[in-house]
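Below are the chains, spelled out letter by letter.
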Protein chains: 4
Amino acid sequence: MTKARVEAFSDGVFAIAITLLVLNLAVPDFQRLGSGGLAEGLRVQWPAFAAFGVSFAVIGIIWVNHHAVFAQVQTIDRTLLFLNLLLLAAVVFMPYPTALMSHAFEARRDERLATAIYAATSTTMGIGFDLFWLYLDRHRDLLHEPLRTSGTRSLLLRAGWGTVVYVATIGLAFVNPYACLIVFGALALFYVFDFSATARR
Amino acid sequence: MTKARVEAFSDGVFAIAITLLVLNLAVPDFQRLGSGGLAEGLRVQWPAFAAFGVSFAVIGIIWVNHHAVFAQVQTIDRTLLFLNLLLLAAVVFMPYPTALMSHAFEARRDERLATAIYAATSTTMGIGFDLFWLYLDRHRDLLHEPLRTSGTRSLLLRAGWGTVVYVATIGLAFVNPYACLIVFGALALFYVFDFSATARR
Amino acid sequence: MTKARVEAFSDGVFAIAITLLVLNLAVPDFQRLGSGGLAEGLRVQWPAFAAFGVSFAVIGIIWVNHHAVFAQVQTIDRTLLFLNLLLLAAVVFMPYPTALMSHAFEARRDERLATAIYAATSTTMGIGFDLFWLYLDRHRDLLHEPLRTSGTRSLLLRAGWGTVVYVATIGLAFVNPYACLIVFGALALFYVFDFSATARR
Amino acid sequence: MTKARVEAFSDGVFAIAITLLVLNLAVPDFQRLGSGGLAEGLRVQWPAFAAFGVSFAVIGIIWVNHHAVFAQVQTIDRTLLFLNLLLLAAVVFMPYPTALMSHAFEARRDERLATAIYAATSTTMGIGFDLFWLYLDRHRDLLHEPLRTSGTRSLLLRAGWGTVVYVATIGLAFVNPYACLIVFGALALFYVFDFSATARR
């Protein structure tokens with residue numbers, strides 16, 4: 001199993017999962033539009049559009065991260081292969097909590113639980129990356145230089161901190177799901193600008 | 001992050017978004033067909049077929065344009081990566097305004113707003129390309145020769161004119177959405193023949 | 001625009017279109033199953049399963065054909081690019097007439113028109129290949145040797161005969177749609193064995 | 001038809017089929033949630049989540065197996081091409097019996113038949129691999145060394161035993177579908193650890 005093949009398969013899964021997000025955007029039923037017409041019908045659906053934007057950013061960022069990891073890897077063994085499938089399982093699952101959350105906000109019911117499930121899915125993806133770095137740190141022969149010598153401690157720490165923040169959002173979801181939604185958006189923006197800043201250095 | 005990888009991912013997203021358009025074509029409910037039968041049931045759905053055709057052409061043309069841009073690029077930095085994700089977000093979103101527009105025409109209600117949203121999505125894609133050229137003009141080290149020396153002013157101007165036309169279709173949508181639909185089709189045809197003509201030179 | 005890129009994009013579209021066929025298979029509503037239970041519920045859906053099988057074979061064969069064409073092509077110009085998009089449009093559209101046909105057979109209504117639309121879509125794909133060979137015959141510099149010298153007349157003739165058969169199925173659909181369904185299956189089997197036989201030579 | 005192309009197409013189909021599994025997870029209707037709220041609504045759906053997990057593992061494992069086969073193959077002929085399409089047909093079909101099974105468990109009706117159909121689909125995939133090895137054993141010129149000399153008897157035997165187990169699950173489905181679901185999960189885990197163990201050797 002070559003590294004190129006695993007990356008191509010993963011890219012395919014990322015591309016499909018990110019594209020399927022659009023299926024969560026339901027066209028309002030034109031027969032049942034009230035006096036506000038389509039404009040009102042779309043306004044009511046704002047959580048679906050917000051969730052689309054956030055999840056698109058999340059999957060996009062995970063995809064960028066995924067490549068950052070694989071750029072350090074020289075050889076893929078079976079364990080990495082299955083860790084990768086585990087991570088992809090969370091990515092593939094992503095459209096479901098996205099839909100759940102947007103429906104909950106639209107119905108103004110159980111927003112806490114729905115947002116917590118979304119946060120837990122994000123956390124699972126974070127843990128997936130942590131496991132990657134943990135395993136790679138113990139099997140440095142799979143890495144490229146210079147990480148083969150130095151180890152992945154700094155990368156693991158950084159990924160670990162991200163996971164701590166994601167775990168915290170699970171709790172925040174039960175306190176204030178609206179604040180949690182804003183934190184999701186802020187995290188996405190943070191990662192985008194963090195990456196751009198890294199690029200400029 | 002190699003250029004080949006970004007192109008492969010983008011190709012995947014384009015291929016999926018263009019294929020998902022078919023999900024907007026609903027099979028008429030055979031239990032509720034009137035005396036006109038299936039022929040009548042399909043005739044009523046004409047906006048869905050027209051929208052399928054136009055959106056297929058639009059995504060196809062955007063895909064061709066995307067490759068034209070990337071053929072000029074030598075190196076991809078993080079900013080280009082996220083500009084690309086922004087452009088792909090508009091592509092992924094495309095099936096939604098397509099469905100919205102076809103439902104509006106079928107229900108003969110709010111066609112203006114639905115067509116304007118479709119035009120705004122097209123405009124966003126146009127602006128995405130403008131941002132690409134603007135950024136590349138200021139970071140010419142990312143380009144291949146001869147654009148590295150000459151700059152991308154002529155390409156930017158051309159893309160910019162296209163964007164002006166797209167912005168105008170947003171206004172036209174509110175005046176006459178049927179005329180706007182015809183303009184979309186004409187624009188698609190124009191680009192197809194423009195490209196073929198370029199190819200013959 | 002390199003040939004490899006166009007092939008990769010086309011492969012993506014084929015892979016997605018062939019996979020989306022499964023979305024036409026609706027799970028029977030368990031709340032409304034009669035005394036025959038699930039077995040009866042599935043038996044009633046036989047047209048959907050037959051259509052799934054035939055369309056899977058059709059798209060699979062078109063994919064094999066597509067590669068046979070591209071194996072002869074050395075350079076891709078803009079016209080070939082748009083002929084290819086035209087062919088892909090028919091491939092992407094395929095799940096719709098598949099669903100239409102299976103619903104018509106299940107409802108026992110308008111089977112003739114639905115089958116004719118399916119046959120017309122197949123015919124369009126056949127014409128797409130004819131246009132490919134016609135264009136390539138007039139632009140032999142785009143071909144590999146030995147076709148560059150000999151031309152594509154024999155391949156065009158063969159593709160043309162296939163198209164004649166497909167046109168005939170449009171007529172047959174209006175006479176006897178059940179016979180037409182059998183002919184679709186027989187055509188698919190013929191191509192499978194024809195290719196295998198070619199491979200053994 | 002190059003081997004790389006067939007692998008890329010197959011990878012695309014695997015990536016899409018595994019991602020479409022998420023479409024089987026329906027968001028509970030918030031307007032009809034009982035006093036238990038969303039938590040209860042999700043609890044009732046447990047078969048859908050279990051089926052998602054098992055089918056994700058099954059398609060993931062089949063993908064890993066697919067590459068193990070193709071790593072041994074040097075040249076692809078038309079027969080292998082169509083054997084591959086046959087195998088992919090079973091993979092593409094997979095989301096349907098997954099949905100069928102989860103709906104049956106949720107409705108507590110006809111679980112036996114639904115589980116047996118799921119087991120039969122898995123068996124078909126197993127037979128697909130058996131046919132691959134059988135054909136390759138008789139056409140060793142298509143293989144890489146050392147299998148070209150030694151033949152594929154040991155690999156065929158191993159794949160054959162797996163098929164026997166899958167056939168047995170069809171029978172088990174009619175006896176106790178819940179036990180069958182557990183066996184599916186156990187088989188998936190077995191393959192995951194079997195592969196990891198192989199990797200460590």
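Shown above is the structure to which this text applies.
Everything numeric in this text was worked out from a predicted model, so none of it was measured.

**Q** For this particular structure, what's the right way to read the packing of helix 1 (residues 3–20) of chain B against helix 1 (residues 3–20) of chain C?
**A** Helices that pack against each other are described as a pair by the angle of their axes relative to one another and the distance between those axes. In the contact formed by helix 1 of chain B and helix 1 of chain C, the axes pass within 9 Å of each other and the chain directions differ by 40°. Classed by the angle they form, the pair helix 1 of chain B and helix 1 of chain C counts as oblique. Where helix 1 of chain B crosses over helix 1 of chain C, the two elements pack in a sense that is right-handed. Facing Glu7, Asp11, Phe14, Ala15, Ile16, Ile18, Thr19 and Leu20 of chain B of helix 1 of chain B, the residues of helix 1 of chain C in contact are Arg5, Phe9, Gly12, Val13, Ile16, Ala17 and Leu20 of chain C. Residue classes in the contact of helix 1 of chain B with helix 1 of chain C are distributed as ten nonpolar, two polar and three charged.

**Q** Just checking my understanding: could you explain the relation of the copies chain C and chain D for this structure?
**A** The operation relating the pair of chain copies consists of a rotation about an axis and a translation along that axis. Superposing chain C onto chain D requires a rotation of 90° together with a translation of 0.0 Å along the rotation axis, leaving an RMSD of 0.0 Å. Classification of the inter-copy transformation places it as that of a four-fold axis. Here only 8% of the contact residues of chain C are again contact residues in chain D; the copies associate through non-equivalent surfaces.

**Q** Can you walk me through the side chain of serine 122 of chain A in this structure?
**A** With respect to the secondary-structure elements, serine 122 of chain A resides in helix 6 (residues 111–138). Once residues within four sequence positions are removed from consideration, serine 122 of chain A is found in contact with Met94 and Tyr166 of chain A.

**Q** What is the right way to look at the environment of valine 165 of chain B in this model?
**A** Summarising the element assignment, valine 165 of chain B is placed in helix 8 (residues 153–175). A relative accessible area of 36% places valine 165 of chain B in the partly exposed class.

**Q** Would you mind showing me how to read the relation of the copies chain A and chain D here?
**A** Its rotation angle being 90°, the transformation that places chain A on chain D also includes 0.0 Å of axial translation and leaves an RMSD of 0.0 Å. When the interface residues of chain A are mapped onto chain D, a mere 10% of them again fall at the interface, so the copies present different faces.

**Q** Quick question: what am I supposed to make of a nonpolar patch on the surface here?
**A** A contiguous nonpolar surface patch, about 280 Å² in accessible area, is contributed by Leu23 of chain A, Leu23 of chain B, Leu23 of chain C together with Leu23 of chain D. Residue placement: leucine 23 of chain D occurs in the loop between helix 1 (3–20) and helix 2 (37–44). Among the residues examined, leucine 23 of chain D registers a relative accessible area of 35% and is labelled partly exposed.

**Q** Got a minute to help me understand the arrangement of the chains in this structure?
**A** Contact between chain A and chain C is absent, and the least distance between their C-alpha atoms amounts to 9 Å. You won't find any contact between chain B and chain D; their C-alpha atoms come no closer than 9 Å.

**Q** Would you take a moment to explain the interface of chain C and chain D for this structure?
**A** Accessible area lost during the coming together of the parts is what is often quoted as the interface size. Counting from both sides, the interface comprises 36 residues of chain C and, opposite them, 31 residues of chain D. Buried surface at the junction of chain C and chain D, both sides included, amounts to about 2900 Å², of which 80% is carbon and sulfur. The interface formed by chain C and chain D contains two salt bridges. In this assembly, chain C and chain D are joined by six residue pairs in polar contact (both at pLDDT 80 or more). Listing elements by their share of the side of chain C that touches chain D, those giving two or more residues are helix 1, helix 2 (37–44), helix 3 (46–72) and helix 9 (177–200) of chain C. Of the residues contributing to the side of chain C that touches chain D, the split by class is 25 nonpolar, eight polar and three charged.

Cut-offs and rules
Residues numbered from 1 in each chain as written. Chains lettered and ligands numbered in written order. Predicted model: local features only at pLDDT ≥ 70, side-chain atom pairs only at ≥ 80, totals over all residues. Heavy atoms only, no water. Axes fitted to C-alpha atoms, helices over the stretch in contact; angles between N-to-C directions. Helix = DSSP H or I, 4+ residues; strand = E, 2+ residues; numbered from the N terminus. Parallel < 35°, antiparallel > 145°, perpendicular 65-115°, else oblique. Left-handed = near helix turned anticlockwise from the far one by under 90°. Contact = heavy atoms within 4.5 Å. Nonpolar A, V, L, I, M, F, W, Y, C, P; charged D, E, K, R; others polar. Least-squares fit on C-alpha atoms with pLDDT ≥ 70 in both. Buried < 20%, exposed > 50% of the residue type's maximum accessible area, 1.4 Å probe, protein only. Patch = residues over 30% accessible without salt bridge, like charges linked within 9 Å, V, L, I, M, F, W, Y side chains within 5 Å. Areas by Shrake-Rupley, 256 points an atom, 1.4 Å probe, with all protein chains shown as cover. Salt bridge = Lys/Arg side-chain N within 4 Å of Asp/Glu carboxyl O. Buried area = accessible area lost by both parts, 1.4 Å probe. Polar contact = N/O pair within 3.5 Å; in protein donor to acceptor, adjacent residues only side chain to side chain.

Geometric values such as these leave the question of function open.
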